[in-house]
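# Reading the structure
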Amino acid sequence: QPVTGESREVGLKSEWNEGRVYTELVAFWTDQKGLAESIPGTSPDTRYNGQDFESSGYEAQISGELMPGWQLTGGYTWLDIEDDDNGETLRPYTPREIARLTTTYRPASMEKLKAGVQVSWQDSIFRGGSGGVPKTTQDDYTLVNLMASYDWTRNITTTLNLNNVTDEKYIESLKKFGASAQGFYGEPANASLTVSWV
């Protein structure tokens, strides 16, 4: 049967600094009936049953120009997913807390140069640990990316990106296949240099 459900959302949005900065605070609730969930122990993993989910959480976000040349975007999300029947915590492979911050700065004395940093964090996740499925766990982790760009002309820009500068070893996502639990590692420290012409 098709999944059914309802969602509710309430929030506040505000403008600051003469409309150059936006903030948002949102709370949400979702009920889903008959959502397809794979049956543990089946192989291939193509047999499903319907499960009722109840999720809730909130999000806080900020974006805009804090000062001339300084742009910032940040957000925090908290999520809770439970069995609609007994309140049991479900889908522990989905992060419950996520925080992200991206900021760039273009100095007034060097308008052709722009530098930035991006930081993201999520709490621990896991999958498996019951029904003969091994438990795969990823502790909370933080990723840091750096960038710098230079506008040589109105049409030509060079951009340097340094990703995962702390060389964090982490499992990007967790997914179960049949009677096994597999994790996929994210990219290690890496760099890229691009030249764009528009």
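Residues numbered from 1 in each chain as written. Predicted model: local features only at pLDDT ≥ 70, side-chain atom pairs only at ≥ 80, totals over all residues. Heavy atoms only, no water.

## What about the overall build of the chain?
Helix and strand counts for the chain come out as zero helices and 13 strands. Reading the chain from its N terminus to its C terminus gives the helix and strand order β-β-β-β-β-β-β-β-β-β-β-β-β. Scored against the burial criterion, the 198 residues of the chain give a buried share of 26%. Residue pairs at least 24 apart in sequence account for 49% of intrachain contacts in the chain once pairs closer than 6 positions are excluded. Accessible surface for the chain amounts to roughly 12,800 Å². Of this, 54% is attributable to carbon and sulfur atoms. (Helix = DSSP H or I, 4+ residues; strand = E, 2+ residues; numbered from the N terminus. Buried < 20%, exposed > 50% of the residue type's maximum accessible area, 1.4 Å probe, protein only. Contact = heavy atoms within 4.5 Å. Areas by Shrake-Rupley, 256 points an atom, 1.4 Å probe, with all protein chains shown as cover.)

## Details of the pattern of salt bridges
Scanning the model with the defined rule gives four salt bridges in all. Between Glu6 and Arg8 there is a salt bridge, and its shortest N-O distance comes to 3.1 Å. Here the salt bridges share partners, and the residues they tie into one network are Glu6, Arg8 and Asp31. (Salt bridge = Lys/Arg side-chain N within 4 Å of Asp/Glu carboxyl O.)

## Regarding the packing of aromatic side chains
Ring pairs (aromatic) are described by centroid distance and by the angle formed between their planes. Inspection of the entire model under this criterion finds four aromatic pairs. Geometrically, the ring pair formed by Tyr58 and Tyr76 is tilted, given 6.2 Å between the ring centres and 45° between the ring planes. Taken together, the residues Tyr58 in strand β3 (residues 48-67) and Tyr76 in strand β4 (residues 70-83) connect sequence positions 18 residues apart. When its relative accessible area of 36% is taken as the criterion, Tyr58 is described as partly exposed. Between the aromatic rings of Tyr150 and Trp152, the centroid separation amounts to 4.7 Å while the plane-to-plane angle is 65°, which identifies the pairing as edge-to-face. With relative accessibility at 29%, the residue Tyr150 sits in the partly exposed group. Between the NZ or CZ atom of Arg127 and the centre of the ring of Tyr93, over which it lies, the distance is 4.0 Å. (Phe/Tyr/Trp six-rings, centres within 6.5 Å; stacked < 30°, edge-to-face > 60°. Lys NZ or Arg CZ within 6 Å of the ring centre and 35° of its normal.)

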